[in-house]
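Single-letter residue listing:
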Amino acid sequence: MARPAHIQVDLQALISNYQWACQLAPNSQTMAIVKADAYGHGAVACARALEPHAPAFGVACIEEAIQLRQAGITKPILLLEGTFTADEIVTAAEQDFWLMVEDPWQVDALVKAKLTQAVKVWVKMDTGMHRLGLAPFRFEHLLPMLENSPNVADGILMASHFACADELQNPFTKQQIDFFKTHLPQKAMPFSLANSAGIMAWPEAHGTWNRAGFMLYGNTPLDGAHSSNDGLTPVMSLNSAVISTRHIETGQGVGYAQSWTAKRPTTIATIAMGYADGYPRHAPTGTPVLVNGQQAPLIGRVSMDMVTVDITDLEGAGIGSPVCFWGKQLTANEVASHMGTIGYEVMTRVGLRLPKVYV
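Residues numbered from 1 in each chain as written. Predicted model: local features only at pLDDT ≥ 70, side-chain atom pairs only at ≥ 80, totals over all residues. Heavy atoms only, no water.

Asker: Describe the sheet that holds strand 6 (residues 121-124), naming the residues involved and giving the relevant values.
Answerer: A sheet is described by the order of its strands in space; here 8 strands give the open sequence 8-7-6-5-4-3-2-9, paired in parallel fashion. Of all strands in the sheet, those with a lone pairing partner are strand 8 (191-192) and strand 9 (209-212), marking the two edges. When strand 5 (residues 97-101) meets strand 6, the two strands line up parallel, connected through 3 bridges. When the sheet's bridge partners are listed, Val101 is paired in strand 6 with Val123. Each of strand 5 and strand 6 touches helix 6 (residues 104-112); the most contacted strand, strand 5, lies at about 140° to it. (Pairing = 2+ DSSP bridges. Helix = DSSP H or I, 4+ residues; strand = E, 2+ residues; numbered from the N terminus. Contact = heavy atoms within 4.5 Å. Axes fitted to C-alpha atoms, helices over the stretch in contact; angles between N-to-C directions.)

Asker: Describe the pairing of strand 13 (residues 266-272), listing the residues and the values that go with them.
Answerer: Burial runs high along strand 13: 7 of the 7 residues are buried. Judged by which residues are buried, strand 13 turns out to be covered on both faces: Thr266, Ile268, Thr270 and Ala272 on one side and Thr267, Ala269 and Ile271 on the other are all buried. The pairing of strand 13 with strand 16 (residues 306-310) spans 5 bridges and is antiparallel. The residue bridging Thr270 from the neighbouring strand is Thr308, located in strand 16. (Buried < 20%, exposed > 50% of the residue type's maximum accessible area, 1.4 Å probe, protein only.)

Asker: Give me the environment of Asp230: which residues, what numbers.
Answerer: Here Asp230 shows up in the loop between strand 9 and strand 10 (236-248). Judged by its relative accessible area of 65%, Asp230 falls in the exposed class. With 10 residues separating them in the primary sequence, Asp230 and Thr220 have C-alpha atoms 9.2 Å apart.

Asker: Please give an account of the environment of Thr74 that cites residues and values.
Answerer: Tracing the backbone through its elements, the reader meets Thr74 in the loop between helix 4 (62-70) and strand 4 (77-79). Residue Thr74 is classed as exposed on the basis of its relative accessible area of 60%. Separated by 278 residues in the primary sequence, Thr74 and Leu352 place their C-alpha atoms 25 Å from one another. Beyond its immediate stretch of four places on either side in the chain, Thr74 contacts Glu51 and Arg69.

Asker: Tell me about the nonpolar core, and name the residues and values.
Answerer: Counting residues in hydrophobic clusters, the biggest one holds 119 residues, and the most contacted among them are Leu110, Tyr279, Phe325 and Trp326. Looking at this core element by element, the count peaks at 7 residues for helix 1 (residues 11-24). (Core = buried A, V, L, I, M, F, W, Y, C linked by side-chain atoms within 4.5 Å.)

Asker: Describe the pairing of strand 14 (residues 288-291), naming the residues involved and giving the relevant values.
Answerer: Looking along a regular strand, one sees the side chains alternate between the two faces of the sheet. Here strand 14 shows two buried faces, one formed by Pro288 and Leu290 and the other by Val289 and Val291. Here 4 bridges tie strand 14 to strand 15 (residues 294-299), and the two strands are oriented antiparallel to one another. Bridge pairing in strand 15 places Leu290 opposite Gln295. Taken together, strand 14 and the strand that follows it, strand 15, pair antiparallel across an intervening segment of 2 residues, in which Asn292 is found at a positive phi of about 55°. Sheet topology note: the strand 14/strand 17 (residues 322-326) ladder contains 2 bridges and is antiparallel. Paired with Leu290 across the two strands is Cys324, which belongs to strand 17.

Asker: Provide a residue-level description of the state of the cysteines, including the pertinent values.
Answerer: Tallying each qualifying case throughout the model produces 0 disulfides. Cys22 carries a free sulfur, and the closest cysteine sulfur to it, the one in Cys46, is 16 Å from it. Given the relative accessible area of 24%, Cys22 is considered partly exposed. Of all cysteine sulfurs in the structure, the one in Cys46 sits closest to Cys61, which takes part in no disulfide; the separation is 17 Å. (Disulfide = S-S within 2.5 Å.)

Asker: Go over helix 8 (residues 172-183), please, and point to the residues and values.
Answerer: Along an α-helix, a turn takes 3.6 residues, which lines up residues three or four apart on a common side. For helix 8, spanning 12 residues, the distance from its first C-alpha to its last is 16 Å, which sits close to the expected 16 Å at 1.5 Å a residue. Listing the buried residues of helix 8 in full gives Thr173, Gln176, Ile177 and Phe180. Considered in projection along helix 8, the buried side chains sweep an arc of 100° and stay on one side of the axis. In the core, the buried residues of helix 8 are packed alongside strand 7 (157-159) and strand 8. (Expected span 1.5 Å × (residues − 1). Arc of directions from axis to C-beta.)

Asker: Can you explain the side chain of Glu64? Please cite residues and give values.
Answerer: Within the secondary structure layout, Glu64 lies in helix 4. For the buried Glu64, no salt bridge is present, and the opposite-charge side chain at shortest range is Lys35, 7.9 Å distant. The contact partners of Glu64, leaving out residues within four places of it in the chain, are Lys35, Ala36, Asp37 and Val59. (Lys, Arg positive; Asp, Glu negative; His and termini not counted. Salt bridge = Lys/Arg side-chain N within 4 Å of Asp/Glu carboxyl O.)

Asker: Explain the packing of helix 1 against helix 3 (residues 43-50) to me, using residue names and the numbers behind them.
Answerer: For the pair helix 1 and helix 3, the least separation of the axes is 10 Å and the interaxial angle reads 55°. For the element pair helix 1 / helix 3, the angle class is oblique. Between helix 1 and helix 3 the crossing geometry is right-handed. Each of Leu11, Leu14, Ile15 and Tyr18 in helix 1 lies in contact with helix 3, whose residues at this interface are Ala45, Cys46, Ala49 and Leu50. Classifying every residue of the contact of helix 1 with helix 3 by side-chain character gives 8 nonpolar, no polar and no charged. (Parallel < 35°, antiparallel > 145°, perpendicular 65-115°, else oblique. Left-handed = near helix turned anticlockwise from the far one by under 90°. Nonpolar A, V, L, I, M, F, W, Y, C, P; charged D, E, K, R; others polar.)

Asker: Account for the packing of helix 6 against helix 7 (residues 139-147), naming residues and giving values.
Answerer: Following both chains from N to C, one finds helix 6 and helix 7 inclined at 25°, their axes separated by 10 Å at the closest point. When the axes of helix 6 and helix 7 are compared, the pair comes out roughly parallel. Between helix 6 and helix 7 lies a crossing of left-handed hand. Contact residues: Pro104, Val107, Leu110 and Val111 in helix 6; Leu142, Met145 and Leu146 in helix 7.

Structure, rendered in C-alpha coordinates:
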(Lines give C-alpha, C1' and ligand atoms only; values in the text may rest on other atoms or scores of the structure.)
Protein backbone atom coordinates (compact mmCIF):
# COMPACT_ATOMS: atom_id res chain seq x y z
CA MET A 1 0.00 0.00 0.00
CA ALA A 2 1.09 3.55 -0.72
CA ARG A 3 1.90 6.06 1.97
CA PRO A 4 -1.48 7.65 2.79
CA ALA A 5 -0.38 11.31 2.70
CA HIS A 6 -1.85 13.11 -0.32
CA ILE A 7 -3.53 16.25 -1.57
CA GLN A 8 -7.10 16.07 -2.83
CA VAL A 9 -8.16 18.79 -5.27
CA ASP A 10 -11.83 19.43 -5.98
CA LEU A 11 -11.89 20.81 -9.53
CA GLN A 12 -15.63 21.50 -9.47
CA ALA A 13 -15.12 23.67 -6.41
CA LEU A 14 -12.37 25.50 -8.32
CA ILE A 15 -14.75 26.20 -11.21
CA SER A 16 -17.48 27.29 -8.78
CA ASN A 17 -15.12 29.74 -7.07
CA TYR A 18 -14.11 31.17 -10.45
CA GLN A 19 -17.75 31.63 -11.37
CA TRP A 20 -18.32 33.36 -8.02
CA ALA A 21 -15.51 35.81 -8.83
CA CYS A 22 -17.20 36.55 -12.15
CA GLN A 23 -20.57 36.99 -10.45
CA LEU A 24 -19.11 39.51 -7.99
CA ALA A 25 -17.78 41.63 -10.86
CA PRO A 26 -20.08 41.02 -13.83
CA ASN A 27 -18.82 43.98 -15.84
CA SER A 28 -15.19 42.84 -15.77
CA GLN A 29 -13.29 40.04 -17.43
CA THR A 30 -11.77 37.76 -14.83
CA MET A 31 -8.28 36.36 -15.26
CA ALA A 32 -7.49 33.14 -13.41
CA ILE A 33 -4.17 33.33 -11.56
CA VAL A 34 -2.40 29.96 -11.50
CA LYS A 35 1.09 31.01 -10.43
CA ALA A 36 3.09 29.00 -7.89
CA ASP A 37 1.69 25.73 -9.26
CA ALA A 38 -1.83 27.14 -8.85
CA TYR A 39 -1.13 27.95 -5.21
CA GLY A 40 -0.04 24.36 -4.64
CA HIS A 41 -3.04 22.79 -6.36
CA GLY A 42 -1.33 21.82 -9.64
CA ALA A 43 -1.18 24.47 -12.36
CA VAL A 44 -1.74 22.20 -15.34
CA ALA A 45 -4.78 20.39 -13.95
CA CYS A 46 -6.32 23.62 -12.65
CA ALA A 47 -5.74 25.49 -15.90
CA ARG A 48 -7.26 22.64 -17.90
CA ALA A 49 -10.34 22.71 -15.67
CA LEU A 50 -10.68 26.48 -15.95
CA GLU A 51 -9.81 26.97 -19.63
CA PRO A 52 -13.42 26.54 -20.86
CA HIS A 53 -14.42 29.34 -18.45
CA ALA A 54 -11.51 31.78 -18.13
CA PRO A 55 -10.48 34.10 -20.98
CA ALA A 56 -6.85 34.31 -19.78
CA PHE A 57 -4.44 33.09 -17.13
CA GLY A 58 -1.80 34.80 -15.02
CA VAL A 59 1.53 33.37 -13.86
CA ALA A 60 4.62 34.80 -12.19
CA CYS A 61 7.25 33.97 -14.79
CA ILE A 62 7.88 32.59 -18.26
CA GLU A 63 8.80 29.10 -16.98
CA GLU A 64 5.32 28.74 -15.50
CA ALA A 65 3.75 29.96 -18.74
CA ILE A 66 5.75 27.55 -20.88
CA GLN A 67 4.64 24.66 -18.67
CA LEU A 68 1.02 25.53 -19.43
CA ARG A 69 1.64 25.86 -23.18
CA GLN A 70 3.40 22.50 -23.27
CA ALA A 71 0.37 20.99 -21.51
CA GLY A 72 -1.90 22.26 -24.27
CA ILE A 73 -3.30 25.45 -22.70
CA THR A 74 -4.04 27.86 -25.56
CA LYS A 75 -5.60 30.89 -23.84
CA PRO A 76 -3.47 34.04 -23.38
CA ILE A 77 -1.14 33.95 -20.37
CA LEU A 78 0.03 37.11 -18.58
CA LEU A 79 3.53 37.19 -17.08
CA LEU A 80 2.75 39.13 -13.91
CA GLU A 81 6.39 40.01 -13.25
CA GLY A 82 7.17 40.59 -16.90
CA THR A 83 10.40 39.36 -18.41
CA PHE A 84 13.69 39.10 -16.57
CA THR A 85 15.95 39.10 -19.65
CA ALA A 86 15.55 40.53 -23.14
CA ASP A 87 15.57 37.12 -24.85
CA GLU A 88 12.38 36.16 -23.01
CA ILE A 89 10.49 38.79 -25.01
CA VAL A 90 10.97 36.81 -28.23
CA THR A 91 9.61 33.67 -26.56
CA ALA A 92 6.68 35.63 -25.16
CA ALA A 93 5.75 36.88 -28.63
CA GLU A 94 6.01 33.41 -30.13
CA GLN A 95 3.86 31.85 -27.40
CA ASP A 96 1.20 34.60 -27.14
CA PHE A 97 2.22 35.54 -23.62
CA TRP A 98 1.09 38.94 -22.43
CA LEU A 99 3.75 41.08 -20.76
CA MET A 100 3.57 43.18 -17.63
CA VAL A 101 5.96 46.11 -18.06
CA GLU A 102 7.00 47.72 -14.79
CA ASP A 103 10.51 49.13 -15.31
CA PRO A 104 12.12 51.40 -17.95
CA TRP A 105 14.58 48.69 -19.00
CA GLN A 106 11.67 46.44 -19.94
CA VAL A 107 10.18 49.16 -22.12
CA ASP A 108 13.52 49.70 -23.83
CA ALA A 109 14.10 45.98 -24.36
CA LEU A 110 10.60 45.46 -25.76
CA VAL A 111 10.89 48.33 -28.22
CA LYS A 112 14.30 47.11 -29.45
CA ALA A 113 13.35 43.43 -29.73
CA LYS A 114 13.10 41.80 -33.17
CA LEU A 115 9.65 40.25 -33.15
CA THR A 116 7.52 38.65 -35.83
CA GLN A 117 4.29 39.58 -34.05
CA ALA A 118 3.21 42.22 -31.58
CA VAL A 119 2.62 41.40 -27.92
CA LYS A 120 -0.14 42.50 -25.59
CA VAL A 121 1.25 44.82 -22.90
CA TRP A 122 0.08 45.68 -19.43
CA VAL A 123 1.86 48.64 -17.82
CA LYS A 124 2.13 48.53 -14.03
CA MET A 125 1.76 51.77 -12.09
CA ASP A 126 3.28 52.04 -8.63
CA THR A 127 0.39 53.36 -6.55
CA GLY A 128 2.14 53.10 -3.19
CA MET A 129 3.12 49.50 -2.61
CA HIS A 130 6.63 50.37 -3.80
CA ARG A 131 7.51 46.87 -4.90
CA LEU A 132 7.07 46.91 -8.68
CA GLY A 133 5.70 49.50 -11.07
CA LEU A 134 6.42 52.76 -12.83
CA ALA A 135 5.98 56.13 -11.18
CA PRO A 136 3.38 58.15 -13.14
CA PHE A 137 5.90 60.84 -14.12
CA ARG A 138 7.54 58.28 -16.41
CA PHE A 139 4.42 57.77 -18.52
CA GLU A 140 4.93 60.92 -20.59
CA HIS A 141 8.15 59.48 -22.00
CA LEU A 142 7.58 55.71 -21.90
CA LEU A 143 3.97 55.32 -23.05
CA PRO A 144 4.59 56.92 -26.49
CA MET A 145 7.53 54.55 -26.94
CA LEU A 146 5.20 51.61 -26.43
CA GLU A 147 2.28 53.06 -28.41
CA ASN A 148 4.49 53.80 -31.41
CA SER A 149 6.30 50.45 -31.41
CA PRO A 150 5.24 47.76 -33.91
CA ASN A 151 6.18 45.25 -31.20
CA VAL A 152 3.24 46.33 -29.03
CA ALA A 153 -0.33 45.33 -29.83
CA ASP A 154 -3.11 47.88 -29.71
CA GLY A 155 -4.91 48.40 -26.42
CA ILE A 156 -2.23 48.91 -23.78
CA LEU A 157 -3.71 48.24 -20.34
CA MET A 158 -2.75 50.01 -17.11
CA ALA A 159 -2.50 47.91 -13.93
CA SER A 160 -1.52 48.16 -10.29
CA HIS A 161 -1.53 46.01 -7.18
CA PHE A 162 -3.03 46.54 -3.74
CA ALA A 163 -1.00 46.43 -0.56
CA CYS A 164 -3.80 46.21 2.01
CA ALA A 165 -7.03 45.24 0.24
CA ASP A 166 -7.44 42.23 2.54
CA GLU A 167 -7.73 44.63 5.50
CA LEU A 168 -11.32 45.80 5.27
CA GLN A 169 -10.89 48.87 7.47
CA ASN A 170 -7.57 50.04 6.06
CA PRO A 171 -7.99 53.37 4.21
CA PHE A 172 -4.87 52.82 2.10
CA THR A 173 -6.76 50.81 -0.54
CA LYS A 174 -9.06 53.77 -1.23
CA GLN A 175 -5.96 55.98 -1.46
CA GLN A 176 -4.42 53.62 -4.02
CA ILE A 177 -7.62 53.53 -6.08
CA ASP A 178 -7.83 57.34 -6.09
CA PHE A 179 -4.14 57.69 -6.95
CA PHE A 180 -4.48 55.21 -9.80
CA LYS A 181 -7.54 56.83 -11.34
CA THR A 182 -6.06 60.31 -10.97
CA HIS A 183 -2.90 59.30 -12.81
CA LEU A 184 -4.49 57.09 -15.45
CA PRO A 185 -3.03 58.59 -18.65
CA GLN A 186 -6.34 58.36 -20.53
CA LYS A 187 -9.73 58.24 -18.84
CA ALA A 188 -11.03 55.51 -21.13
CA MET A 189 -7.86 53.42 -20.86
CA PRO A 190 -8.49 49.76 -20.00
CA PHE A 191 -7.22 48.89 -16.53
CA SER A 192 -6.79 46.17 -13.93
CA LEU A 193 -6.67 46.92 -10.21
CA ALA A 194 -8.57 44.20 -8.39
CA ASN A 195 -6.89 41.10 -7.02
CA SER A 196 -9.00 38.59 -5.08
CA ALA A 197 -9.55 40.96 -2.17
CA GLY A 198 -10.33 43.78 -4.59
CA ILE A 199 -12.91 41.64 -6.37
CA MET A 200 -14.55 40.63 -3.11
CA ALA A 201 -14.56 43.83 -1.06
CA TRP A 202 -13.72 46.86 -3.22
CA PRO A 203 -16.22 47.14 -6.12
CA GLU A 204 -14.85 50.57 -7.04
CA ALA A 205 -11.63 48.75 -7.99
CA HIS A 206 -13.32 46.49 -10.55
CA GLY A 207 -11.80 47.20 -13.93
CA THR A 208 -11.64 45.96 -17.50
CA TRP A 209 -9.84 42.94 -16.10
CA ASN A 210 -9.76 41.58 -12.56
CA ARG A 211 -7.20 39.05 -11.33
CA ALA A 212 -8.68 36.21 -9.26
CA GLY A 213 -5.99 34.29 -7.41
CA PHE A 214 -6.29 33.13 -3.81
CA MET A 215 -10.09 33.18 -3.85
CA LEU A 216 -10.14 30.64 -6.68
CA TYR A 217 -8.86 28.05 -4.25
CA GLY A 218 -11.70 28.59 -1.82
CA ASN A 219 -10.25 30.54 1.07
CA THR A 220 -10.98 34.17 1.73
CA PRO A 221 -8.18 36.74 1.64
CA LEU A 222 -10.25 39.11 3.79
CA ASP A 223 -9.49 39.76 7.44
CA GLY A 224 -13.11 39.73 8.58
CA ALA A 225 -16.67 38.68 7.86
CA HIS A 226 -18.00 39.71 4.46
CA SER A 227 -20.89 38.54 2.31
CA SER A 228 -18.52 37.70 -0.55
CA ASN A 229 -16.93 34.99 1.62
CA ASP A 230 -20.12 32.96 1.37
CA GLY A 231 -19.57 31.85 -2.21
CA LEU A 232 -16.19 30.20 -1.65
CA THR A 233 -15.57 26.47 -1.26
CA PRO A 234 -12.10 25.14 -0.31
CA VAL A 235 -10.52 23.28 -3.21
CA MET A 236 -7.60 21.57 -1.46
CA SER A 237 -7.76 18.94 1.25
CA LEU A 238 -4.44 17.91 2.79
CA ASN A 239 -5.07 14.33 3.85
CA SER A 240 -3.36 11.35 5.43
CA ALA A 241 -4.11 8.60 7.92
CA VAL A 242 -3.13 7.36 11.35
CA ILE A 243 -0.29 4.86 10.98
CA SER A 244 0.31 4.02 14.67
CA THR A 245 -1.15 4.60 18.13
CA ARG A 246 0.16 4.25 21.67
CA HIS A 247 -0.82 5.06 25.25
CA ILE A 248 1.53 7.08 27.45
CA GLU A 249 1.40 8.00 31.10
CA THR A 250 1.44 11.37 32.83
CA GLY A 251 4.85 13.01 32.53
CA GLN A 252 6.02 11.09 29.48
CA GLY A 253 7.18 13.09 26.46
CA VAL A 254 6.51 12.86 22.75
CA GLY A 255 8.74 13.57 19.76
CA TYR A 256 12.03 15.39 19.26
CA ALA A 257 13.40 17.33 22.24
CA GLN A 258 10.49 16.00 24.33
CA SER A 259 8.95 19.44 23.89
CA TRP A 260 5.52 18.13 24.92
CA THR A 261 4.82 16.01 27.98
CA ALA A 262 1.55 14.43 28.97
CA LYS A 263 -0.43 16.02 31.77
CA ARG A 264 -2.71 12.96 31.92
CA PRO A 265 -2.76 9.42 30.54
CA THR A 266 -2.91 10.06 26.80
CA THR A 267 -3.54 8.22 23.57
CA ILE A 268 -1.21 9.36 20.82
CA ALA A 269 -1.81 8.96 17.07
CA THR A 270 1.17 9.09 14.72
CA ILE A 271 0.25 10.37 11.25
CA ALA A 272 2.15 10.19 7.96
CA MET A 273 2.74 13.89 7.31
CA GLY A 274 5.77 16.06 8.00
CA TYR A 275 7.78 19.08 6.98
CA ALA A 276 9.21 17.19 3.98
CA ASP A 277 5.62 17.13 2.72
CA GLY A 278 5.33 20.89 3.24
CA TYR A 279 3.46 20.81 6.55
CA PRO A 280 5.22 23.61 8.47
CA ARG A 281 7.74 22.52 11.07
CA HIS A 282 6.85 25.49 13.22
CA ALA A 283 3.23 24.35 13.64
CA PRO A 284 2.81 24.56 17.42
CA THR A 285 1.20 22.20 19.87
CA GLY A 286 -2.54 22.80 19.73
CA THR A 287 -2.77 23.30 15.96
CA PRO A 288 -6.07 21.64 15.00
CA VAL A 289 -6.17 18.44 12.96
CA LEU A 290 -9.25 16.43 11.96
CA VAL A 291 -9.08 12.72 12.77
CA ASN A 292 -12.15 10.71 11.76
CA GLY A 293 -13.84 14.07 11.22
CA GLN A 294 -13.20 15.10 14.85
CA GLN A 295 -10.88 17.91 15.85
CA ALA A 296 -7.78 17.00 17.82
CA PRO A 297 -4.65 18.96 18.80
CA LEU A 298 -1.23 18.50 17.28
CA ILE A 299 1.32 17.75 20.02
CA GLY A 300 5.10 17.90 20.02
CA ARG A 301 7.38 18.85 17.15
CA VAL A 302 6.59 18.23 13.52
CA SER A 303 9.08 15.68 12.17
CA MET A 304 10.30 15.30 8.61
CA ASP A 305 7.78 12.57 7.80
CA MET A 306 5.39 12.36 10.77
CA VAL A 307 3.34 14.32 13.28
CA THR A 308 1.67 13.27 16.52
CA VAL A 309 -1.84 14.13 17.67
CA ASP A 310 -3.68 13.66 20.97
CA ILE A 311 -6.71 11.46 20.22
CA THR A 312 -7.56 10.58 23.85
CA ASP A 313 -11.00 12.17 23.63
CA LEU A 314 -11.95 10.98 20.16
CA GLU A 315 -14.43 8.22 19.44
CA GLY A 316 -13.41 5.45 17.08
CA ALA A 317 -10.02 6.86 16.17
CA GLY A 318 -7.22 4.38 15.56
CA ILE A 319 -4.86 2.96 12.99
CA GLY A 320 -6.15 3.72 9.51
CA SER A 321 -8.41 6.56 10.60
CA PRO A 322 -8.58 9.29 7.93
CA VAL A 323 -6.87 12.57 8.78
CA CYS A 324 -7.43 16.02 7.27
CA PHE A 325 -4.97 18.81 8.03
CA TRP A 326 -7.07 21.39 6.19
CA GLY A 327 -9.97 21.30 3.76
CA LYS A 328 -13.69 22.02 3.69
CA GLN A 329 -14.34 21.43 7.41
CA LEU A 330 -11.10 23.01 8.65
CA THR A 331 -9.85 25.83 6.45
CA ALA A 332 -6.25 26.53 5.54
CA ASN A 333 -6.72 30.04 6.93
CA GLU A 334 -7.77 28.70 10.33
CA VAL A 335 -4.85 26.29 10.51
CA ALA A 336 -2.42 28.96 9.35
CA SER A 337 -3.55 31.34 12.07
CA HIS A 338 -2.27 28.86 14.70
CA MET A 339 1.11 28.88 12.97
CA GLY A 340 1.41 32.66 12.79
CA THR A 341 1.16 32.69 9.01
CA ILE A 342 -1.47 32.86 6.25
CA GLY A 343 -3.38 30.37 4.13
CA TYR A 344 -1.41 31.44 1.05
CA GLU A 345 1.82 30.14 2.56
CA VAL A 346 0.62 26.80 3.89
CA MET A 347 -1.07 25.90 0.60
CA THR A 348 1.83 26.87 -1.65
CA ARG A 349 4.37 25.06 0.56
CA VAL A 350 2.89 21.58 0.29
CA GLY A 351 5.65 19.51 -1.22
CA LEU A 352 6.16 17.79 -4.53
CA ARG A 353 6.40 14.48 -2.67
CA LEU A 354 2.67 14.43 -2.10
CA PRO A 355 0.57 12.94 -4.89
CA LYS A 356 -2.40 15.00 -6.02
CA VAL A 357 -5.76 13.31 -6.42
CA TYR A 358 -8.19 15.27 -8.61
CA VAL A 359 -11.93 14.84 -8.17
